[in-house]
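In case you want the letters, here they are:
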Amino acid sequence: MRFRAKMIDIGCFNHFTRVVNTISKLTKTCTLRLTTDKLYFILSDKVANGGVSMWCELSQGNFFDEFQLEGVSTEHNEIYMDLAAENLFRALKTAHNAKSLKIKLTNKHCPCITLAVELPSLSRVSRVVTHDIPVGVIPKKLWNDFKEPSVPDFDVSIYLPPLKTMKNVVERMKNLSNFLVLEANLNGEMNLKIETDLVSVTTHFKDLGNPSWGDNGSQDSTQDRDPETMMDVKVDIRKLLQFLACQQVNPSKVICNIVNKRIVHFILLHEDVSLQYFIPAHA
Amino acid sequence: MRCVVATSNVKVLGKAVHSLSRIGDELYFEPLSSGLALRCVNSSRSAYGCFLFTPLFFQHYDSGAPPGGLEDSSFRCKMGMKSVQTVFKSLSSLDKTVEKCEIDLNPGGNRLVFQLHCKYGITKTHNLSFQESESLQPVFQKDGYANVLRAQPRLLADTVVHFPPSLEEVNVTVSGERVQFRNHLEDEQDASKMMLTEMSLDADEFESFQVREETGITFCLKELRGLLSFAESSGLPLSMYFDQPGRPVVFGLDDPVLEVNFVLATLSDEETTTHRERNRSRPPQADTSHDDFLSDDMDSYMIAMETSAVGGAEAQPCSTGSDQRRAREPVSAACSSGSKQQRGLESESEEEEEEELPGTPPQKRFRSLFFGSVLSPYSQGANQTLRNQEVLAEASDSDPEEQEEETAKK
C-alpha cells in the first residue's frame, strides 16, 4: 500500500485545514478512506459514539496537485485507516503560509501519515517541518463497517436556519435540559423544544424553505400529508450542539431530514465538500 | 533601597515578571550595585531565569548598598510571584496609563512597596510582604560553551509554534549546517500514539551559527516560552549556548540596559540516546525529498495483519527480541538495515544502566542542580541524587531558618 500527495495552493491548504478542523470538532478519531479520486472522513454508528455517524466526502482533485495511491490490492484500490483528526488539524494549522505540503503514508515506528511542510525561510534553504501522525490501518475484512449511509426515508426535509443563530439558541437550552426535540414541517417551519419539570422552552423558526428531492418514494408519501404536520425527533442536545458548532465558515445551505421519532440527518454542502451527520433519536 | 521606573520601561518590567512566572512561584528580588536582579527558579531546580536591569534602565536607582562596603547589596528577598504579577496585571494598559513606578522598602522595613503613579492623579500602591533570602546564584559560564547560536527571537518563536503547547520536552540536534528541533518522548509515552513533529532550520537563518561540537540536547520547552515571548517583544537577538547533553543550556538576551539569562537543565547522555533510537527509525539527516517508496512499503505489515488474530500482530523477525518494550508496541515492519539492529542492542544495555540510577524520580531525570553553595533547602529530595555538587539541602526535618543562618555565615 502506498500513498503520496502534494498540495501547493494556499487556497487549497486553507480549505483543507477548515475541513479537517470541522471533522476534529465532531469526533476525536475517525476513519480516513482514500480512493484514487476521493477522500472520505467516516465515523461509523457504533454505540461508543452514541450512535451518531458522519460521512464527509471530498474530491482529491480539488485540493491536491499530485495524488498517487496504491491500495490494498488492484481490485480494491483503496486504503482505510483510523486517525485522530485533531493531530491532522494541528499539523495543518501552522502550514498556512507554506510553500508546499506533502502527505505520505509511511511506516516508521508504526504506520503513520507523514506531513512534510515546506515553509518560507530567511535563507535560500526552506524550513521543513515534518509531522508523523500515527494511524491504524484497517484490514479489508472490516471495510463493511464503513459503508456509505443511504439517505433515509425521511418524512420532512427542510433547510436549517443560520447555524450561528441556531447554535446560540441550543447553547442556552443545553443548560436547562439534556434532550431537545427538533420538529419541522413541509411549510418551512421548525421548532426547537425542551421540557423539564419546571420549565419548557420553544424557539420557532419560519420561512426556512423545503428542498425538493425530485421524484422519489419519500416525496410521494409526504405529498399526501398535510404540510402543516410536524415531524419530530428527540435528540441528545450535546450531539446536536457539537454539529452546530463544528462549522467555521458559514456553509451554503444545511439540509435537515427528519424521520419521525427515529433519526435526524443533516447534509452540509460547502464548496464541493459534502458532510452528512446522523443523530439517532433518544430511546 | 529605592528605584524609579519611567513610563515605557514599566511595561518591560511587567513583561519580565510575567516571563519569570512561567518558571516558578517565587520571585527573588535583589538590588545590586550593578543593577536590579529579578530571578526565579523552578521547584525541581532544573530551570532558572534572571533579569538584570542596569541602573541605566531606571529614572532613579539606589540599591541601598553601603558605599565602599564589601557587600554588594543591602537587601535581598523573595516574594510570591502571584503578588508581583498583580502589580503588573494588565500589560496592555500599563504603558497607556502608568507614568511612573516606584519601588521602595517601607519605613518599617517589612514591606516592599510598589507604587504606580498613573494618569488622572491616580496612584496605586501595593505593599508586598517578602521573605529575606539568600542570593540565588547559578553556576554557569557562557564563555565555556562549544556551541553558540544567535538569532532573532522570531525564528525560535516560529519554530516552537509547530509544537503543541502542551509539549514538555524538546530535543535540539545540531550539525555543521542545520539545527533540528523534535519533540521528545518520555519512556512511558507510547510512540505509536503520539504525533511526532520535527523541524529543521538552516544555519543561514541565524545571525551567528557557531557549532564546534555536533550534539543534541533535550530540555523543557515550557519554561523557555516565557523568555521567547519577552524576547519577541523586545526585538533583541536571542543567543543559545550549549554543548553536551547533561550540561545546562543557557539562553541570553543582551542589551545596554538589560541582561537576561535563562538556564535550563538538559537530559543527560544515556537517556537522550536511548529515547532517540527507540523512537526514530530514520537518521536525523533524512531528506524528505527522497521519495523512495521502498522505505514506505506497507505490504509486509499488511500480510502480518491478515494472518494474525484480530487486534494482535506478530513481531517481525528482525525486531530485536531483547528490546522488550518495542515488542509490545505495534509491529514496525521492514527493519531494512542491519545497523538498526545494532543500535537496538546498544540501547538495551543503556536501558539497564538507566534503571540502576538510584533514586531517580519517575518524571524528571534532568541533571538539575547546578547552583552554587548558597541556597536554602526549598525542594525536598527532588533530583538531589543527580547532583554532582555537595548536597547542602538537608532532609525535611531540619529547621530551614537554621540552615539559612549557617549558610549565611559561610
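Residues numbered from 1 in each chain as written. Chains lettered and ligands numbered in written order. Predicted model: local features only at pLDDT ≥ 70, side-chain atom pairs only at ≥ 80, totals over all residues. Heavy atoms only, no water.

1. Some details on the overall build of chain B
To keep things clear, this is the line we draw: Runs of H or I in DSSP of at least four residues are treated as helices and runs of E of at least two as strands, each being numbered from the N terminus. Each residue is assigned to one of three classes by its accessible area relative to the maximum for its type, calculated with a 1.4 Å probe on protein chains only: buried under 20%, partly exposed between the two thresholds, exposed over 50%. Contacts between residues were defined by any pair of non-hydrogen atoms, one from each residue, lying within 4.5 Å. Using a 1.4 Å probe, the Shrake-Rupley method yields the accessible areas, and only the shown protein chains count as cover for residues.
For chain B, the helix and strand inventory stands at 10 helices and 19 strands. Per-residue burial for chain B yields a buried fraction of 51% across its 410 residues. Sequence separation of at least 24 residues holds for 66% of the intrachain contacts in chain B that already meet a minimum separation of 6. Here chain B has roughly 18900 Å² of accessible surface; of this, 49% comes from carbon and sulfur atoms.

2. Re the nonpolar core
Operational definition: To form a nonpolar core, buried Ala, Val, Leu, Ile, Met, Phe, Trp, Tyr and Cys residues must be joined to one another through side-chain atoms within 4.5 Å.
Grouped together as the largest cluster of nonpolar side chains are 155 residues, with contacts concentrated most on Leu182, Met190 and Phe266 of chain A together with Phe29 of chain B. Counting residues per element, this core draws most heavily on helix α1 (residues 10–26) of chain A, which supplies seven residues. Leaving out residues up to four positions away in the same chain, methionine 190 of chain A has contacts with Ile158, Leu160, Pro161, Met166, Leu182, Glu183, Ala184, Thr203, His204, Phe205, Leu208 and Cys256 of chain A.

3. Overview of the packing of helix α1 (residues 7–21) of chain B against helix α5 (residues 221–234) of chain B
Residue and element names in this part refer to chain B. Rules: All axes are obtained by fitting lines to C-alpha atoms, using only the stretch in contact for helices, and the reported angles, taken between N-to-C directions, cover 0 to 180 degrees. Any angle that falls under 35 degrees is termed roughly parallel, while one over 145 is termed roughly antiparallel, one within 65 to 115 roughly perpendicular, and all others oblique. Rotating anticlockwise by less than a right angle from the far helix to the near helix defines a left-handed crossing, while the corresponding clockwise rotation defines a right-handed one. Polar here means any residue outside two lists: the nonpolar Ala, Val, Leu, Ile, Met, Phe, Trp, Tyr, Cys and Pro, and the charged Asp, Glu, Lys and Arg; Gly therefore counts as polar.
Following both chains from N to C, one finds α1 and α5 inclined at 160°, their axes separated by 8 Å at the closest point. Judged on the interaxial angle alone, α5 and α1 are roughly antiparallel. Taken as a pair, α1 and α5 cross one another with a handedness that is right-handed. Contacts between α1 and α5 pair Val12, Lys15, Ala16 and Ser19 from the former with Gly226, Leu227, Phe230 and Ser233 from the latter. When the residues that make up the contact of α1 with α5 are grouped by side-chain class, the tally is four nonpolar, three polar and one charged.

4. Quick word on the packing of aromatic side chains
Here the distance between the centres and the angle between the planes together describe a pair of aromatic rings. Residues and elements named next belong to chain B. To keep it simple, the criterion reads: We call Phe, Tyr and Trp rings a pair once their centres come within 6.5 Å, taking the six-membered ring for Trp, and we label the pair stacked below 30 degrees between planes, edge-to-face above 60, and tilted otherwise.
Throughout the structure, instances matching the rule amount to 21 aromatic pairs over all chains. Both rings, one in phenylalanine 51 and one in phenylalanine 230, keep their centres 4.8 Å apart while their planes meet at 80°; by these two values the pair is edge-to-face. On the criterion of sequence distance, the pair formed by phenylalanine 51 in strand β4 (residues 47–53) and phenylalanine 230 in helix α5 is long-range, its members being 179 residues apart. Its relative accessible area of 0% is what places phenylalanine 51 among the buried residues. The class of phenylalanine 230 is buried, set by a relative accessible area of 3%. Ring centres 5.6 Å apart and planes at 65° place the aromatic pair phenylalanine 219 and phenylalanine 251 in the edge-to-face group.

5. As for unusual backbone geometry
For aspartate 207 of chain A, which is not a glycine, the phi torsion comes out positive at approximately 55°. Here aspartate 207 of chain A shows up in the loop between β14 (200–205) and α4 (217–224). Looking at aspartate 207 of chain A, the relative accessible area reads 71%, which means it is exposed. The phi dihedral of tyrosine 120 of chain B falls on the positive side, at around 60°, and the residue is not glycine. Looking at the secondary structure, you find tyrosine 120 of chain B in the loop between β8 (111–118) and β9 (123–129).

6. Here's the deal with α1 of chain B
For clarity, the cut-off: A helix's residues, less one, multiplied by 1.5 Å, set its expected span.
In this model α1 of chain B runs 22 Å from its N-terminal to its C-terminal C-alpha over 15 residues, within 8% of the 21 Å that 1.5 Å per residue would give. Along α1 of chain B, the positions that sit buried rather than exposed are Val10, Lys11, Leu13, Gly14, Ala16, Val17, Ser19 and Leu20 of chain B.

7. Overview of a nonpolar patch on the surface
Residues and elements named next belong to chain A. For clarity, the threshold we go by: In this analysis, a patch consists of residues with relative accessible area above 30% that form no salt bridge, clustered at 9 Å for like charges and at 5 Å for the nonpolar side chains Val, Leu, Ile, Met, Phe, Trp and Tyr. The salt bridge criterion pairs a side-chain nitrogen of Lys or Arg with a carboxyl oxygen of Asp or Glu, the two atoms within 4 Å.
Together, Leu176, Leu198 and Val199 give the surface a local cluster of nonpolar side chains, amounting to about 320 Å² of exposed area. Structurally, valine 199 can be placed in the loop between β13 (190–195) and β14. In this structure valine 199 comes out as partly exposed when scored by relative accessible area, which is 34%.

8. Description of the state of the cysteines
Residue and element names in this part refer to chain B. To be explicit about the condition: By disulfide we mean two sulfur atoms from cysteines, separated by a distance within 2.5 Å.
Counted by the stated rule, this structure contains zero disulfides over all chains. Looking at the unpaired cysteine 50, the closest cysteine sulfur is the one in cysteine 40, lying at 11 Å. Looking at cysteine 77, it has no disulfide partner, and the nearest cysteine sulfur is the one in cysteine 3, 11 Å off. With relative accessibility at 1%, the residue cysteine 77 sits in the buried group.

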